[in-house]
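Observations on the three-dimensional arrangement
Spelled out from the first residue to the last, the chains are:
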Amino acid sequence: MKRIIAVLILAIFALPSVAQHKKVNFTKEFIKQNRGKFHIEVNELKELLITMLAITNSGLENDDMFEQKGECIIKTS
C-alpha cells in the first residue's frame, strides 16, 4: 500500500512537467467581472490521491492532515 501511495504521489508531482504551458491573456472585462472571486478545481487524479491518503491510518489519525469533521461542499459541472 505504501508503494502504491508513493508511486501516486510521484505521478502527481510529475504531472505539471507535461501540463499545458500556454500563456493566458484575460480581457479587462473578464478581470473586472471576476476580481475578488476565486474558484478551485482539483483534477480527478489529485482528488483520488487525496481520498486515498485520507483513508489511510496516518490520515485518519492526524486531524491536521485532513479535516475529519465539518461540511464538505462538492460542486460538479
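Residues numbered from 1 in each chain as written. Predicted model: local features only at pLDDT ≥ 70, side-chain atom pairs only at ≥ 80, totals over all residues. Heavy atoms only, no water.

Description of the confidence of the model for the protein
Low pLDDT means the predicted coordinates in that region are not meant to be read closely. Note the cut-off: Confidence of the predictor at the level of single residues is given by pLDDT, which spans 0 to 100. Secondary structure elements are taken from DSSP: a helix is a run of H or I of four residues or more, a strand is a run of E of two residues or more, and numbering for both begins at the N terminus.
On average, residues of the protein carry a pLDDT of 76, and 71% of them reach 70 or more. Ranking the elements of the protein by mean pLDDT puts helix H4 (residues 57-61) last with 76 and helix H2 (residues 28-34) first with 92.

Thoughts on helix H1 (residues 2-14)
This is how the line gets drawn: Take the number of residues in a helix, subtract one, and multiply by 1.5 Å to get its expected span. Residue burial is assigned from relative accessible area. The probe radius is 1.4 Å, only protein chains are included, and a residue is buried under 20% of its type maximum, exposed over 50%, and partly exposed in between. For this quantity, the arc is that covered by the directions from the helix axis to the C-beta atoms. Residue contacts are defined here by distance: any two heavy atoms, one from each residue, within 4.5 Å place the two residues in contact.
Its 13 residues place the ends of H1 18 Å apart at the C-alpha level, agreeing with the 18 Å of an ideal helix rising 1.5 Å per residue. What H1 keeps buried is the set Ile5, Leu8 and Ile12. Along the long axis of H1, the arc covered by the buried residues comes to 60 degrees, so they all point the same way. Opposite the buried face of H1, at more than 90 degrees from it, the exposed residues are Lys2, Arg3, Val7, Leu10 and Phe13. Those residues of H1 hidden inside the fold are in contact with helix H3 (44-54).

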